[in-house]
Amino acid sequence: GTLFLDEIGELPTELQAHLLRLLDAGEYHCLGEDRPRKANVRLLTATNRSPETLKHDLLARLALRIEVPGLDDRIEDIPLLVRHLVRKLATGALRARFFEGDEPRIAPELVVDLLMHTYTTHVRELHGLLLVAMADSTEDFLDTSPRLRERIVERAAPAELTDDAIREALAREGGNVSAAWKALGMSSRDALKRLLKKRGIKAR
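Per-chain numbering applies: the sequence of each chain, read as written, is numbered from 1 onward. Only residues with pLDDT of at least 70 get local features here, since the model is predicted, and only at 80 or more are side-chain atom pairs given and counted; chain-wide, interface and lining totals rely on the full set of residues. With hydrogens and water excluded, all non-hydrogen atoms of the structure serve as input to the side-chain values.

Regarding the overall build of the protein
From N to C terminus, the protein includes 10 helices and 6 strands. Computed over its C-alpha atoms, the radius of gyration of the protein comes to 22 Å, more than 25% above the 17 Å expected for a compact globule of 204 residues. Overall, the C-alpha framework of the protein stretches about 65 × 55 × 25 Å when taken along its three principal axes. Any residue under 20% of the maximum accessible area for its type is buried, any over 50% is exposed, and the rest in between are partly exposed; the area is computed with a 1.4 Å probe on protein chains only. A buried classification covers 31% of the 204 residues belonging to the protein. The contacts of the protein with a sequence gap of at least 6 include a subset with a gap of at least 24, amounting to 59%. In these tables, accessible area is a Shrake-Rupley quantity obtained with a 1.4 Å probe, and a residue counts as shielded only by the protein chains included in the view. On the protein, roughly 13,000 Å² of surface is accessible, and the fraction owed to carbon and sulfur atoms is 54%. Residues scored as positive are Lys and Arg, those scored as negative are Asp and Glu, and His as well as the terminal groups of each chain are ignored. To locate a charge, the coordinates of NZ of Lys, CZ of Arg, CG of Asp or CD of Glu are taken. On the protein, the mean spot of the 32 positive side-chain charges and the mean spot of the 33 negative ones are 5 Å from each other. Per the convention used, a helix needs a DSSP run of H or I reaching at least four residues, while a strand needs a run of E reaching at least two, with both numbered from the N terminus. A radius of gyration in this sense is built from C-alpha atoms; the matching globule rule multiplies 2.2 Å by the number of residues raised to 0.38. Two residues form a contact once any of their heavy atoms are found within 4.5 Å.

And the structure:
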């Protein structure tokens, strides 16, 4: 089968070491048992931290890595995610109000507002904004509202950030990416790291 460990970067290093026997020999011990048991699993993990924060010998065994970009780097996915999340969230009377057949009725203005927002917690944040829209919508379609617009924090478009502006911000912050992304008005430190890599700019 498949064993999925979410937020593996939060696992203390001494506990990470216990995974090595399972990955190498397929052996593990149940609490209170002396004899080892065998398991044949595919291990999948996820983390928001840098992979280098993991114990080096565990990281070496996680050879296939996929970086999932944040919502700010794939805003074309937001309309699709909105439809998917509304299908999950709207049940009962809400489904009767906001759906025509299997398709949710969503005002274009709501989608525009959601596209403009700077996401820091990504899909969880989009989920929360949709809950606000559902609570505030008075018509038979999902619409934006003054309360939702108060929560919208518009992002700085990456195209507006010139290489010179990025280098100047890094210079002012002594090359500290953790400080520079805030000065540039970006959504996260990782968003700046991805932009630096894309444009071939070194932080220090």
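That was the structure; now back to the text.
Some thoughts on the pattern of salt bridges
Two side chains of opposite charge can pair, provided their charged atoms sit close to one another. By salt bridge we mean one thing: a side-chain nitrogen of Lys or Arg within 4 Å of a carboxyl oxygen of Asp or Glu. Inspection of the entire model under this criterion finds 11 salt bridges. One salt bridge in this structure joins Asp-24 and Arg-61, with 2.8 Å as the shortest N-O distance. In this pair, Asp-24 is assigned in helix α1 (residues 13-25) and Arg-61 in helix α2 (residues 56-61), connecting sequence segments 37 residues apart. The residue Glu-103 makes a salt bridge to Arg-87 at a minimum N-O spacing of 2.8 Å. One end of the pair, Glu-103, is in strand β6 (residues 103-104); the other, Arg-87, is in helix α3 (residues 78-89), with 16 residues separating them in the sequence. Each of Arg-83, Arg-87, Arg-95, Asp-102 and Glu-103 takes part in one network of salt bridges that share partners.

A word on helix α6 (residues 123-136)
Taking 1.5 Å as the rise per residue, α6 with 14 residues should run 20 Å; its terminal C-alpha atoms sit 20 Å apart, in good agreement. Of all the residues in α6, the buried ones are Glu-125, Leu-126, Leu-129, Leu-130, Val-132, Ala-133 and Met-134. Against the buried residues of α6 lie α3, α4 (93-98), α5 (108-116) and α7 (146-151). Expected helix span is taken as 1.5 Å per residue step, with the number of steps being one fewer than the number of residues.

Some points on the environment of Pro-108
The residue Pro-108 is located in helix α5 in this model. Classification of Pro-108 by relative accessible area gives exposed; the value is 57%.

Overview of the nonpolar core
Take the buried residues of types Ala, Val, Leu, Ile, Met, Phe, Trp, Tyr and Cys, join any two whose side-chain atoms come within 4.5 Å, and each joined set is a nonpolar core. In this structure, Val-86, Leu-114, Leu-126, Leu-130 and Leu-142 are the most contacted members of the largest nonpolar core, which totals 21 residues. Those elements that place two or more of their residues in this core are α3, α5 and α6. For Leu-142, the contacting residues outside a window of four places in its chain are Val-86, Phe-98, Arg-105, Ile-106, Ala-107, Leu-110, Leu-130, Ala-133, Met-134 and Ser-137. Counting residues in hydrophobic clusters, the runner-up holds 14 residues, among them Leu-170, Val-177, Leu-184 and Ala-191.

Notes on α5
Two residues of an α-helix separated by three or four positions point the same way, owing to the 3.6 residues in each turn. Among the residues of α5, those classed as buried are Leu-110, Val-111, Asp-113 and Leu-114. One face of α5 carries all of its buried residues, which in axial projection span an arc of 160°. Each direction from the helix axis to a C-beta atom contributes to the arc, which is the arc of those directions.

Comments concerning unusual backbone geometry
Phi at Glu-7 takes a positive value of approximately 50°, unusual for a residue other than glycine. Its location among the elements puts Glu-7 in the loop between β1 (2-5) and α1. One non-glycine residue, His-122, lies in positive phi territory at about 60°. Within the secondary structure, His-122 is located in the loop between α5 and α6. According to the relative accessible area criterion, His-122 is partly exposed, its value standing at 25%.

Looking at the packing of α3 against α5
When two helices pack together, their arrangement is given by the angle between their axes and by how far apart the axes lie. Between α3 and α5, whose axes approach to 10 Å, the crossing angle comes to 120°. With respect to α5, the element α3 is oriented oblique. The way α3 lies across α5 gives a crossing that is right-handed. Residues Ile-78, Pro-79 and Val-82 of α3 touch α5, and the partners they reach there are Val-111, Leu-114 and Leu-115. Residues of the contact of α3 with α5, tallied by class, amount to 6 nonpolar, no polar and no charged. Between N-to-C directions, angles cover 0 to 180 degrees, with each direction set by a line fitted to C-alpha atoms, over the stretch in contact for helices. Angular relationships are summarised with four words: roughly parallel below 35 degrees, roughly antiparallel beyond 145, roughly perpendicular across 65 to 115, and oblique for the angles in between. Here a crossing is called left-handed whenever its near helix is offset anticlockwise from the far helix by less than a right angle, and right-handed whenever the offset is clockwise. Following the grouping adopted for this structure description, the nonpolar residues are Ala, Val, Leu, Ile, Met, Phe, Trp, Tyr, Cys and Pro, the charged ones are Asp, Glu, Lys and Arg, and the polar ones are all others, Gly among them.

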